[in-house]
Amino acid sequence: MDVVGALNGWARRVPTWPFYVLAPLPAVWWLWLGLTGGLGVEPIKELEHRLGEFALQLLILGLCVTPLRTHLGLNLIRFRRVIGLAAFLYVVLHLLTWLLLDVRIWSQIWADIVKRPYITIGMAGFVLLIPLAVTSTNAAIRRMGPVAWRRLHRLVYGAVLLGAIHFVMLAKGLQLEPLLYLAAVLGLLAMRAIPRRARASA
Amino acid sequence: MAGRWKPDLTWADVTPKAAYMNRRQLLAGAGAVAAGAIAGPAMASLGAVPSPYSTDETPNTFEEITNYCNFYEFGTGKEDPARNAHMLTTEPWAVRIDGLVDKPGLYGLEDILADVTLEERIYRLRCVEAWSMVVPWVGFELADLLAKVGVQDGARYVAFETAYRPDEMPGARFPILDWPYREGLRLDEAMHPLTILATGLYDEPMPNQNGAPIRLVVPWKYGFKSIKSVVRITLTADQPHASWNHSQPREYGFYSNVNPEVDHPRWSQATERRIGEGLFAPRRPTLMFNGYADEVASMYAGMDLTKFY
């Protein structure tokens, strides 16, 4: 049977609002684990890492939407906004964990942002996401017009790339996992250069 | 080495073995009653004697010390060593001692331990990643072993090597570092009474994930200097290869003394977080030489510690 067609049918019927309700739940769950000893003996770092890694995963998921449509004909565009906003939520929570639970010393926070390249890069990625979150409403799209809106939202490419580099840079030694994330991001960005699948071959 | 320092404790202060074995039995018994069974002590106690070099800070729990480890041969996650290190064969174990020594050779662990007094050394441990613990190590001074094998005149450094067994060490199958893991000390650092070879913690044999059966502990240096599961000790004239120093010389110096004023290029070393204090504990200030400045600072007098980090 036509798997893509079935998935497209499902994607048209399923409402998107439950995903806005579900998106924060992992964070609530991890916070609960952190409070009850479920995140190991160093819960702050573990919480920080889980939030950051999940944010990166959501950003990568968001990058998958367009190639899935152009190369497989699978249309998940209705879910892209909730994916993007959830990613932003987790980036914010990751940052808040770093600010309020991890470092807490304002002079050191500022020194870290300026002096530590991996933190500078992570912060830059976060800053790139702010205008995208602010203009995520239908009203904003109408106000800006689709062309300008789409151009602005290409900033996400830079944000995901910075996020992946941020992860690679904080690893000690030669570690595989962050490099796999970076490879996935580079691969998904490169796919945007591949011409759209010819309609006739479908 | 006996006589190098004068503890104000005597043998009378040592808890008689029968007493602490009893305590263990009581504790084990309490658990066993709950479980509806009778059980004796779980592990052999090492009977380590107290040391004046111990800090009076509260040690981290056995759970914390054994479940938050950096031992990349068993994986880079903090809990990977606890999961994987059971694969390491620690019996039999031998340490090759060579280089500029009078009596080089392959020394069985039992020979190394035959005539040493095991002490409990409760030390602060400061990881280069800006976290810290307090660990009740059991061990003996490295100087005792070096005296036994006879250090020759030309020796100025001591090199150490961890076992490299990819079949028992899943992390060592990947080139995270240039295996085997190697570390080194200057001879005066190695001879310092704070420097120990540890064979246990909490008065029990060393858990594999913490570097069984024998590891170095140098409490005033970042944790990665305290090399685990040592199979080779070589006295050398030249500064030896050290794994992290070799992989990232800008980030990890040969000395790697704990120093709140010299930052790691990627993060500040001014503060640290004590493991086990939960989600809301603030960082605490890092102490120069990890709080052992009185004992060790004189070894670095006149050295520019921003250059020799």
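Residues numbered from 1 in each chain as written. Chains lettered and ligands numbered in written order. Predicted model: local features only at pLDDT ≥ 70, side-chain atom pairs only at ≥ 80, totals over all residues. Heavy atoms only, no water.

J.: Residue-level account of the overall build of chain B, with values.
T.: On a plain count of helices and strands, chain B comes out with 8 helices and 13 strands. Buried residues in chain B amount to 55% of all 309 residues. The long-range fraction of contacts in chain B, counting pairs at least 24 apart against all pairs at least 6 apart in sequence, stands at 72%. Split by element, the accessible area of chain B, about 13,300 Å² in all, is 56% carbon and sulfur. (Helix = DSSP H or I, 4+ residues; strand = E, 2+ residues; numbered from the N terminus. Buried < 20%, exposed > 50% of the residue type's maximum accessible area, 1.4 Å probe, protein only. Contact = heavy atoms within 4.5 Å. Areas by Shrake-Rupley, 256 points an atom, 1.4 Å probe, with all protein chains shown as cover.)

J.: Please give an account of the pattern of salt bridges that cites residues and values.
T.: Within the structure shown, the criterion is met by 27 salt bridges over all chains. Between A:R50 and A:E46 there is a salt bridge; the shortest N-O distance is 2.8 Å. One end of the pair, A:R50, and the other, A:E46, are both in helix 4 (residues 43–72), 4 residues apart, so they sit about a helical turn from each other. The salt bridge partner of B:D98 is B:R232, with a shortest N-O separation of 2.7 Å. Residue B:D98 is found in strand 2 (residues 94–99), and its partner B:R232 is found in strand 11 (residues 230–236); the two are separated by 134 residues along the sequence. B:R232 gets classed as partly exposed once you look at its relative accessible area, which sits at 32%. (Salt bridge = Lys/Arg side-chain N within 4 Å of Asp/Glu carboxyl O.)

J.: So what's going on with the packing of helix 4 of chain A against helix 11 (residues 176–191) of chain A? Which residues, and what values?
T.: Residue and element names in this part refer to chain A. At a closest axis distance of 10 Å, the pairing of helix 4 and helix 11 adopts a crossing angle of 30°. Of the possible angle classes, the one that applies to helix 4 and helix 11 is roughly parallel. Between helix 4 and helix 11 the crossing geometry is left-handed. When helix 4 is examined against helix 11, the residues E53, L56, Q57, I60, L63, C64, P67 and H71 are found in contact with a partner set consisting of E177, Y181, V185, L188, L189 and M191. Of the residues belonging to the contact of helix 4 with helix 11, the class tally is 10 nonpolar, 2 polar and 2 charged. (Axes fitted to C-alpha atoms, helices over the stretch in contact; angles between N-to-C directions. Parallel < 35°, antiparallel > 145°, perpendicular 65-115°, else oblique. Left-handed = near helix turned anticlockwise from the far one by under 90°. Nonpolar A, V, L, I, M, F, W, Y, C, P; charged D, E, K, R; others polar.)

J.: Residues and numbers for the packing of aromatic side chains, please.
T.: Residue and element names in this part refer to chain A. Counting across every chain of the model gives 19 aromatic pairs over all chains. For the pair F19 and F79, a centre-to-centre distance of 5.4 Å together with 80° between the ring planes defines the contact as edge-to-face. Of this pair, F19 sits in helix 2 (residues 17–22) while F79 is found in the loop between helix 4 and helix 5 (80–103), placing the two residues 60 residues apart along the sequence. On the basis of relative accessible area, F79 is assigned to the buried category, the value being 7%. (Phe/Tyr/Trp six-rings, centres within 6.5 Å; stacked < 30°, edge-to-face > 60°.)

J.: Which residues make up the interface of chain A and chain B, and what values go with them?
T.: In many analyses, interface size is given as the accessible surface area lost on bringing the parts together. Opposite the 27 residues of chain A that make contact, chain B presents 28 residues. Taken together, both faces of the contact between chain A and chain B bury some 2,400 Å²; the carbon and sulfur share is 55%. When the buried area of chain A at its contact with chain B is split by residue, A:V41, A:R116 and A:K172 rank highest and sum to 30% of it. Taken together, chain A and chain B are joined by 6 salt bridges. Seen at the junction of chain A and chain B, the total is 15 residue pairs in polar contact (both at pLDDT 80 or more). Examining the composition of the side of chain A that touches chain B, we find that 4 residues originate from one element, helix 4 of chain A, more than from any other. Residue composition of the side of chain A that touches chain B, by class: 14 nonpolar, 5 polar and 8 charged. (Buried area = accessible area lost by both parts, 1.4 Å probe. Polar contact = N/O pair within 3.5 Å; in protein donor to acceptor, adjacent residues only side chain to side chain.)

J.: Please provide a residue-by-residue account of unusual backbone geometry, values included.
T.: Residues and elements named next belong to chain B. The omega torsion of the bond from E91 to P92 falls at 0°, within 30 degrees of zero and hence cis. Tracing the sequence through the fold places P92 in the loop between helix 3 (80–84) and strand 2. Here the residue pair W179 and P180 is connected by a cis peptide bond, since its omega of -5° sits within 30 degrees of zero. Within the element layout of this structure, P180 appears in the loop between strand 6 (157–162) and strand 7 (182–186). Residue A130 is not a glycine yet carries a positive backbone phi of 75°. With respect to the helices and strands, A130 occurs in the loop between strand 4 (119–126) and strand 5 (131–141). Overall, A130 belongs to the buried group, its relative accessible area being 9%. A positive phi angle, near 40°, is found at S229, a position not held by glycine. Residue placement: S229 occurs in the loop between strand 10 (215–217) and strand 11.

J.: Tell me what's going on with the sheet that holds strand 3 (residues 105–108) of chain B, and back it up with residues and numbers.
T.: Residues and elements named next belong to chain B. Strand order in this open sheet of 5 strands is 3-2-11-6-7, and the pairing throughout is mixed. Edge positions in the sheet fall to strand 3 and strand 7, since each of these pairs with one other strand and no more. Ignoring which end each strand starts from, the neighbouring axes of this sheet average 20° apart. Bridge count between strand 6 and strand 7: 5 bridges; the pairing is antiparallel. Within strand 7, the position partnered with E161 by the bridge is R182. (Pairing = 2+ DSSP bridges.)

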